[in-house]
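Chain and residue survey
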Amino acid sequence: MQRVSFEVTDSPRGYHSDADATTNGGAHHSGPMGGPLPPALKKPAKKSPRSAAENHRAPPYVDLALDVDEDRVSVHSVRSPASDGGSSVEDPELTLLRRKRLEKKTSVVQRLASVSHELKRLTSVSGARKPPRAPPRIDRTKSAAAHALKGLKFISKKDGGAGWAAVERRFDQITATTDGLLLRSKFGECIGMNSKDFALELFDALARRRRITGGLITKDQLKEFWDQMNDQSFDSRLQTFFDMVDKDADGRLTEDEVREIISLSASANNLSILQKRADEYAALIMEELDPDNLGYIMLDSLESLLLQASTESVITTGERKNLSQMLSQKLKPNRHRNLFNRWYRGLRYSVLDNWKRVWVLALWLTVMAILFAYKFMQYKRRAVYEVLGVCVCVAKGAAETLKLNMALILLPVCRNTITWLRNKTRFGIAVPFDDNLNFHKVIAVAVTIGVGIHAISHLACDFPRLLHATPEAYSPMKQFFGKDQPTSYWHFVNSVEGVTGVVMVLLMAIAFTLATPWFRRGKLNYLPGPLKKLASFNAFWYSHHLFVIVYILLVVHGYCLYLSKKWYKKTTWMYLAAPVMLYACERMIRAFRSSIKAVTIRKVAVYPGNVLALHMSRPDNFRYKSGQYMFVNCAAVSPFEWHPFSITSAPQDDYLSVHIKCLGDWTRALKGVFSEVCRPPPAGVSGILRADMMHGANNPDFPKVMIDGPYGAPAQDYKKYEVVLLVGLGIGATPMISIVKDIVNNIKAKEQADLNGLESGSHSNGRGKKESFRTRRAYFYWVTREQGSFDWFKNIMNEVAERDNNNVIELHNYCTSVYEEGDARSALIAMLQSLNHAKNGVDIVSGTRVMSHFAKPNWRSVYKRIAMDYPNTKVGVFYCGSPALTKELRHLALDFTHKTSTKFSFHKENF
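Residues numbered from 1 in each chain as written. Predicted model: local features only at pLDDT ≥ 70, side-chain atom pairs only at ≥ 80, totals over all residues. Heavy atoms only, no water.

Let's talk about the overall build of the chain
- A tally of regular secondary structure across the chain gives 35 helices and 24 strands.
- If you take every contact in the chain between residues at least 6 apart in sequence, the share linking residues at least 24 apart comes to 72%.
- As displayed, the chain offers around 45,700 Å² of accessible surface, 57% of which is attributable to carbon and sulfur atoms. (Helix = DSSP H or I, 4+ residues; strand = E, 2+ residues; numbered from the N terminus. Contact = heavy atoms within 4.5 Å. Areas by Shrake-Rupley, 256 points an atom, 1.4 Å probe, with all protein chains shown as cover.)

Section: the pattern of salt bridges
- Under the criterion given, the structure shown has 26 salt bridges.
- Between D204 and R184 there is a salt bridge; the shortest N-O distance is 2.8 Å. A residue pair is termed long-range when its members are at least 10 positions apart, and D204 in helix 7 (residues 196-209) and R184 in the loop between strand 6 (182-183) and helix 6 (187-191) qualify at 20 residues.
- Measuring nitrogen to oxygen at the nearest pair gives 3.6 Å for the salt bridge that ties R422 to D717. Of this pair, R422 sits in helix 20 (residues 415-424) while D717 sits in the loop between strand 16 (705-711) and strand 17 (723-729); the two residues are 295 residues apart in sequence, bridging distant segments of the chain. The same class applies to R422 as to D717, namely buried.
- Here the salt bridges do not stand alone but share partners, grouping E255, D256, R259 and D279 into one network. (Salt bridge = Lys/Arg side-chain N within 4 Å of Asp/Glu carboxyl O. Buried < 20%, exposed > 50% of the residue type's maximum accessible area, 1.4 Å probe, protein only.)

Details of the nonpolar core
- Ranked by internal contacts, the top residues of the largest apolar core, which has 91 residues, are F187, L222, I262, I285, I743, F780 and I809.
- One finds V606, L614, F622 and M630 within the second-largest nonpolar core, a separate group that totals 26 residues. (Core = buried A, V, L, I, M, F, W, Y, C linked by side-chain atoms within 4.5 Å.)

A closer look at the sheet that holds strand 23 (residues 874-881)
- With parallel pairing, six strands are arranged side by side in an open sheet as 22-21-20-17-23-24. If you trace the sheet from one side to the other, it starts and ends with strand 22 (852-854) and strand 24 (903-910), each paired once. When strand polarity is set aside, the average angle formed by the axes of neighbouring strands in this sheet is 20 degrees.
- Bridge analysis of strand 17 against strand 20 (residues 777-784) gives seven bridges, and the strand direction is parallel. Opposite L729, over in strand 20, you have V783 as the bridge partner. (Pairing = 2+ DSSP bridges. Axes fitted to C-alpha atoms, helices over the stretch in contact; angles between N-to-C directions.)

As for unusual backbone geometry
- Cis geometry marks the peptide bond from G709 to P710, where omega comes out at 5 degrees.
- Tracing the sequence through the fold places P710 in strand 16.
- With phi around 60 degrees, D179 is a residue other than glycine that occupies positive phi space.
- A positive phi angle, close to 55 degrees, is found at N293, a residue other than glycine.
- Tracing the backbone shows N293 in the loop between helix 12 (278-289) and strand 9 (296-297).
- You can call N293 exposed: its relative accessible area is 68%.

Quick look at a nonpolar patch on the surface
- A cluster of nonpolar side chains, namely F340, W343, Y344, L347, V351, W355, W359, L363 and V367, defines an oily patch on the protein surface of about 910 Å² accessible area.
- Here the element with the most residues in the nonpolar patch is helix 16 (residues 339-353); it accounts for five residues. (Patch = residues over 30% accessible without salt bridge, like charges linked within 9 Å, V, L, I, M, F, W, Y side chains within 5 Å.)

Looking at the packing of aromatic side chains
- For the structure on display, the rule yields 24 aromatic pairs.
- Seen from their ring centres, F631 and Y711 are 5.7 Å apart, and the 85 degrees between their planes marks the pair as edge-to-face. Taken together, the residues span a long stretch of sequence, with F631 in strand 12 (residues 629-634) and Y711 in strand 16 at a distance of 80 residues.
- By relative accessible area, which is 8% here, F631 ends up buried.
- Taken together, the ring pairs connect W782, F790, W792 and F793 into an aromatic cluster.
- Here the guanidinium or amino end of R777 rests over the ring plane of Y779, the centre of that ring lying 5.0 Å away. (Phe/Tyr/Trp six-rings, centres within 6.5 Å; stacked < 30°, edge-to-face > 60°. Lys NZ or Arg CZ within 6 Å of the ring centre and 35° of its normal.)

Considering helix 21 (residues 436-467)
- Between its first and last C-alpha, helix 21 extends 44 Å over 32 residues, near the 46 Å set by a 1.5 Å rise per residue.
- Along its length, helix 21 reaches its greatest deviation from straightness, about 40 degrees, at H458. (Expected span 1.5 Å × (residues − 1). Bend = angle between axes of the 7 residues up to and from the residue.)

Some details on the environment of A635
- For A635, the location among the structural elements is in the loop between strand 12 and strand 13 (643-646).
- Each C-alpha atom, one on A635 and one on K704, is 6.6 Å from the other, the two residues being 69 residues apart in sequence.

Structural notes on the state of the cysteines
- Enumeration according to the criterion identifies one disulfide in this entry.
- Note that C391 is cross-linked by a disulfide to C461, the S-S spacing being 1.3 Å. A residue pair is termed long-range when its members are at least 10 positions apart, and C391 in helix 19 (residues 390-408) and C461 in helix 21 qualify at 70 residues.
- The exposure class of C391 is buried, given its relative accessible area of 9%.
- By relative accessible area, C461 is classed as partly exposed at 24%.
- With no disulfide of its own, C393 lies closest to C391 among cysteine sulfurs, the gap being 8.7 Å. (Disulfide = S-S within 2.5 Å.)

Considerations on the packing of helix 25 (residues 496-514) against helix 27 (residues 537-544)
- In contact at an axis separation of 8 Å, helix 25 and helix 27 are set at 150 degrees when each is read in the N-to-C sense. Relative to helix 27, the crossing made by helix 25 is left-handed. On helix 27, the residues touching I510, A511 and L514 of helix 25 are A539, F540, S543 and H544.
- Within the contact of helix 25 with helix 27, the residues separate by chemical class into five nonpolar, two polar and no charged. (Left-handed = near helix turned anticlockwise from the far one by under 90°. Nonpolar A, V, L, I, M, F, W, Y, C, P; charged D, E, K, R; others polar.)

Considering the side chain of R170
- Looking at where R170 falls in the secondary structure, it is placed in helix 5 (residues 164-174).
- Of the side chains with opposite charge, E189 lies nearest to the buried R170, which makes no salt bridge, at 7.3 Å.
- Of the polar contacts made by the side chain of R170, one reaches the backbone oxygen of E189; its length is 3.5 Å. (Lys, Arg positive; Asp, Glu negative; His and termini not counted. Polar contact = N/O pair within 3.5 Å; in protein donor to acceptor, adjacent residues only side chain to side chain.)

Comments concerning the environment of R618
- By the element assignment, R618 lies in the loop between strand 11 (611-617) and strand 12.
- The spacing of R618 and D653 is 35 residues in sequence and 8.8 Å in space, taken between C-alpha atoms.
- Here P651 takes part through its backbone oxygen, which lies 2.6 Å from a polar atom of the side chain of R618.
- Here D653 takes part through its backbone oxygen, which lies 2.8 Å from a polar atom of the side chain of R618.

Details of the pairing of strand 16
- Of all seven residues in strand 16, seven are buried, a share of seventy percent or more.
- Of the strand pairs in this sheet, strand 12 and strand 16 are connected by five bridges, and their pairing is antiparallel. If you follow V632 over to strand 16, its bridge partner there is I707.

Remarks on the pairing of strand 11
- In terms of burial, strand 11 is largely enclosed, as seven of its seven residues are buried.
- Bridge count for strand 10 (residues 601-607) against strand 11 is six bridges, and the pairing is antiparallel. Note that in strand 11 the partner of V606 across the bridge is L612.
- Of the pairings in the sheet, the one linking strand 11 to strand 14 (residues 655-661) comprises seven bridges and is antiparallel in character. If you follow M616 over to strand 14, its bridge partner there is L656.

Brief notes about the sheet that holds strand 16
- Read from one edge of the open sheet, three strands run 13-12-16, paired in antiparallel fashion. Looking along the sheet, the strands with just one partner apiece sit at the ends: strand 13 and strand 16. Along the sheet, successive strands turn relative to each other by an average axial angle of 30 degrees, direction set aside.
- The strands touched by helix 20 are strand 12 and strand 16; relative to strand 16, the strand with the most contacts, the crossing angle is about 40 degrees.

Okay, here's the thing in structure tokens:
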């Protein structure tokens, strides 16, 4: 190993060798191993001594030490001079945390030439001791580039490949009727490759090498194919990839062949937009790799492009390796041998992380237990206990908890009240307002249990005892049930108490059933035609309004009791009075506010992926925070239905915008009515359909839209954290988009306020009062399945990337339809991405200035990176999307919080 050490300053000279730092072999070198130096850091031809005055005026510098092992380069240390001018002091963790990335402003070929030139120079520096010799061939199997590509693998985790044994089993099954010969069309299925067209091209390339014709191979030939695909040699896999492109096997790649492999790779990764622009990107590759206009490129040119696409992060990866290993040691599971200690540790962590929920649930359960016990003991002391026994005590105890829960279940859905408490009071410190709907569901379960206990205790226990009681035993019951002893259940059913009870149970059963995720999300597709309408959000929404009837019947049922005749003992209305009045006021406020907040549609766009974007005027008194949501009503679809959507505009904008994913019947109908007034956009404008409100006579006739809100959501609290991690899954990016815009606006406002000498750390939110803003770093991860999804917020992403001059927001787009990095099917996509972004500054996948990543993020690495960069910091994690990712993100937040100095606070919003 050779150690490279050099000095970097911010002076024009800026780059100086340190000729005495040599270890492990005695050779010393200096040079730009991770890429070319920026123009300001060119190495001078000769290092001349400086005067004391020059030394005094020289800017601060750092000493960089690089470890060079064959063709692998990594950063060993960064040293800053001690204040007294003596020896420097180095902290490995601080060194890794403070290291800055070198700027990359030169072209692809310049970077490759710089690295190649440096490696050649390293092999000949010991010329004073040894005779010069030609530089040896780089062993790419040990290079960082080959490691990043993982050797251009052809079978990935997405495929069904599980080794030769599995392939052999599939071969035997597929060829059972073809005499042991595998058809070309079945090759992809046999090796477990999901991309059929790519598999066919791979088959042809492997067959051409072996001069196999006819489209049939034996098991032995398949084994040869398999061995070549899994060859660990980078050269071998590179040659296989080259053979796939080189259809005529002449050792040269023409523009037509490059265009064809681009289309094939785009098809395999479901990148339809890239497929349509194959001609443009093929010309780009030829322009870069065929500067002499020969009309073809060779294998070494393709290799250069492959290596460049994977070497950009070599230094970054190497420089963080040591600190990452340190953190990984802390995160290893610590298993206590003692079972009690493990249980206690888990319980302690759970309580610390959920103490708000714990105390609220504990209080609620305690109150229910007290009410049940109170009612139980009350009826145990009454005369009816002698006839009806303990059953009546249980029934009345359950009824008392039902009264409480039917009152409480309204409070979590009083959205205006909760938003006011969240924004205007400090109750959020102890009350988990983010869990209001979860608490609503928990109470609903308790109501179901209470109804079951109450009904079963009556029907299966105390009513039979009453029916079979002797005349003497029944005598004290005459004042409650009448002079004539009941002889059948019909006596109880054919009464006010019985009718109201039965109807309430039926209505609750309907509402609760249609509120389950299977019905509410429309997952029961196997239902027959007419019943499919029951599995929809509309069915859930309308059935929930049956509770208006339920509450009326509950008051009547609670007043016409068998065993309580005095009015002050009929307490049902007492429980319900305040919550019902509060909820009624809420609904009146919503109706009144939505009717006076008339909005005008300014712009409509329909994007790929069934997303409708609405831009509308903003009422003067509509004040909101980023991350909040509002309800939207369109009378052309349904005059009664209101649906919630996150606000995607920022508080400083003079308009309101929402992006609506068309998943249900209402959203699909909404898209339909707006699509009727839209037209295809002009060239260069995103979207499938668009319509804009213009000043003139040809304005489109948009359907009338009303809004209600805003309402509080978990993401609105992001300003409480210095560092935030924003995660959006698909359309779940909507609240995060508003936040990233707000962060940029707030930072600009804060800088302007500081320049004007105003109070530091507080600023106006655009239309409201001043509030604290602490966020200094944000990470936004947007994970989506379709390439067209990036069109939803294309302009916003570009705007944020352009305005964020201080690099406060780090944007990451992930397209999960693209195969992971290192897969042969995505290798050419990575080449094109790197090449086009370096030349034009635009990502070919997202169409924005933000570089896209392939496959799914490694969330543990994301958390680890933030924990390394921000120790002793509280990080807010905000997730919006389907529930599938919630568990993993929450678990990682807890794991890193308990095992590192960085504290992650997780907040989620599911849809």
